[in-house]
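This is what each chain is made of:
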Amino acid sequence: MGNNSGATLEDMTNCESHQWYRKFMTECPSGLLTYYEFKKFFGLKNLSASSDAYAKTMFSTFDMNDDGYIDFMEYVAALSLVLKGEVQQKLRWYFKLYDVDGSGCIDRDELLLIIKSIRAIQPSLTADMSAEDFADMVFDKIDVNGDGELSYEEFTEGIQNDEMLRRTLTQSLDLTHIVQRLQGGIEKDS
């Protein structure tokens, strides 16, 4: 499947695996989650163009073999990462998500696009500063070489060394409410 996240089915108990499989097949009887179903699954409706682009990027990070679908193994790997992933694994996923054009670096425009998209999708996130000011602050803090792009190393080291950035990033990409909804469905099914 091309899974490089380090998350595997072995990370879950047999019971959890069975429950996740039942839930996945109930929600997605074909065994393949399309982008449309992904948006429905996550309750993403009436998205702006930039928010839709962010959702597509998120979908593609879960679609690890780039076939246009999320299969059960990819689904479990994604949930395992969200639920049980190590900090380094999550940072790798965050970086891939923020690197919209896949260039291997995050530029200010990409960061700004993602910040605005996240705020549009999750209006409950209170912003102490504008998206532009936040992007400027991030680059001021962690663009070590000042080239206007964040390499993977700059991004991961900068986020790990700055508690406020790490907390903000974690909150902005928090999928807990979705996982809780899924777990609630699993518990009802059991």
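The structure we're discussing is the one just above.
Residues numbered from 1 in each chain as written. Predicted model: local features only at pLDDT ≥ 70, side-chain atom pairs only at ≥ 80, totals over all residues. Heavy atoms only, no water.

Help me understand the nonpolar core, please; the structure alone is not making it clear to me.
Side chains that are nonpolar tend, in soluble globular proteins, to be buried together. In terms of nonpolar packing, the biggest core is built from 45 residues, with Phe-38, Phe-62, Tyr-75, Tyr-98, Leu-111, Val-138 and Phe-155 touching the most fellow members. For this core, the element with the highest residue contribution is helix H7 (residues 131–142), accounting for seven residues. Setting aside chain neighbours within four positions, we find Phe-155 in contact with Leu-91, Tyr-94, Phe-95, Ile-106, Ile-142, Leu-150 and Leu-169. (Core = buried A, V, L, I, M, F, W, Y, C linked by side-chain atoms within 4.5 Å. Buried < 20%, exposed > 50% of the residue type's maximum accessible area, 1.4 Å probe, protein only. Helix = DSSP H or I, 4+ residues; strand = E, 2+ residues; numbered from the N terminus. Contact = heavy atoms within 4.5 Å.)

In this structure, what is going on with the packing of aromatic side chains? I would like to understand it.
For any pair of aromatic rings, the description consists of the separation of the ring centres together with the inter-plane angle of the planes. Scanning the entire structure with this criterion turns up twelve aromatic pairs. Ring-pair connections join several aromatic residues into one group, and the members of that group are Tyr-35, Phe-38, Phe-59, Phe-62, Trp-93 and Tyr-94. (Phe/Tyr/Trp six-rings, centres within 6.5 Å; stacked < 30°, edge-to-face > 60°.)

Just checking my understanding: could you explain the side chain of Thr-61 for this structure?
Relative to the elements of secondary structure, Thr-61 occurs in helix H3 (residues 49–62). Given the relative accessible area of 4%, Thr-61 is considered buried. At a separation of 2.7 Å, a polar atom in the side chain of Thr-61 contacts the main-chain carbonyl oxygen of Met-58. Here Thr-61 is in contact with Trp-93, Lys-96 and Leu-97, once residues within four sequence places are set aside. (Polar contact = N/O pair within 3.5 Å; in protein donor to acceptor, adjacent residues only side chain to side chain.)

How should I be thinking about unusual backbone geometry in this particular structure?
Trans peptide bonds make up most of the peptide bonds, and negative phi angles are found at most residues other than glycine. The backbone of Asp-66 shows a phi angle near 55 degrees, a positive value even though the residue is not glycine. In this fold, Asp-66 is placed in the loop between H3 and strand E2 (70–71). Classification of Asp-66 by relative accessible area gives exposed; the value is 63%.

Is there a simple way to think about the pattern of salt bridges in this case?
Side chains that differ in charge, positive against negative, can pair when their charged atoms come close. Overall, the coordinates contain six salt bridges when judged by the stated rule. Measuring nitrogen to oxygen at the nearest pair gives 3.2 Å for the salt bridge that ties Lys-39 to Asp-52. Remark: Asp-52 occurs in helix H3 and Lys-39 occurs in helix H2 (residues 35–41); sequence separation between them is 13 residues. Taking relative accessible area as the criterion, Asp-52 reaches 17% and is therefore assigned buried. (Salt bridge = Lys/Arg side-chain N within 4 Å of Asp/Glu carboxyl O.)

What exactly am I supposed to notice about helix H4 (residues 72–84) here?
Counting along an α-helix, one turn takes 3.6 residues, and residues three or four places apart therefore face a common direction. Spanning 13 residues, H4 covers 17 Å between terminal C-alpha atoms, matching the ideal 18 Å at 1.5 Å per step. Of the positions making up H4, those classed as buried are Phe-72, Glu-74, Tyr-75, Val-76, Ala-77, Ala-78, Leu-79, Ser-80 and Leu-81. (Expected span 1.5 Å × (residues − 1).)

Any chance you could explain the packing of H3 against helix H5 (residues 87–98) here in plain terms?
How two helices sit against one another is set out by the angle between their axes and by the gap between those axes. Running from N to C, H3 and H5 cross one another at 135 degrees; their axes reach a closest spacing of 9 Å. As summarised for this structure, H3 and H5 are arranged oblique, according to the angle between their axes. In this structure, H3 crosses over H5, and the sense of that crossing is right-handed. Between H3 and H5, the residues in contact are Tyr-54, Thr-57, Met-58, Ser-60, Thr-61 and Phe-62 and Trp-93, Lys-96 and Leu-97, respectively. Considering only residue class, the contact of H3 with H5 consists of five nonpolar, three polar and one charged. (Axes fitted to C-alpha atoms, helices over the stretch in contact; angles between N-to-C directions. Parallel < 35°, antiparallel > 145°, perpendicular 65-115°, else oblique. Left-handed = near helix turned anticlockwise from the far one by under 90°. Nonpolar A, V, L, I, M, F, W, Y, C, P; charged D, E, K, R; others polar.)

Sorry if this is basic, but what is going on with the environment of Ala-120 here?
Position of Ala-120 relative to the elements: it lies in helix H6 (residues 108–121). Judged by relative accessible area, Ala-120 falls into the partly exposed class, the value being 49%. Note: C-alpha distance between Ala-120 and Ser-50 (70 residues apart in sequence) is 9.0 Å.

Could you clarify how one ought to interpret the environment of Gly-148 in this entry?
One can find Gly-148 in the loop between H7 and strand E4 (149–151). On the basis of relative accessible area, Gly-148 is assigned to the partly exposed category, the value being 32%. Excluding its chain neighbours within four sequence positions, the residues that come into contact with Gly-148 are Ile-106, Asp-107, Arg-108, Phe-139 and Asp-143.

I would appreciate a short explanation of the packing of H5 against helix H8 (residues 152–160) in the present structure.
Axis separation between H5 and H8 bottoms out at 10 Å; the angle between their running directions is 130 degrees. Here H5 lies oblique to H8, going by the angle between them. For the crossing formed where H5 meets H8, the hand is right-handed. Of the residues in H8, those touching H5 at Val-87, Gln-88, Leu-91, Arg-92, Tyr-94 and Phe-95 are Tyr-152, Phe-155, Thr-156, Ile-159 and Gln-160. Its residues assigned to classes, the contact of H5 with H8 comprises seven nonpolar, three polar and one charged.

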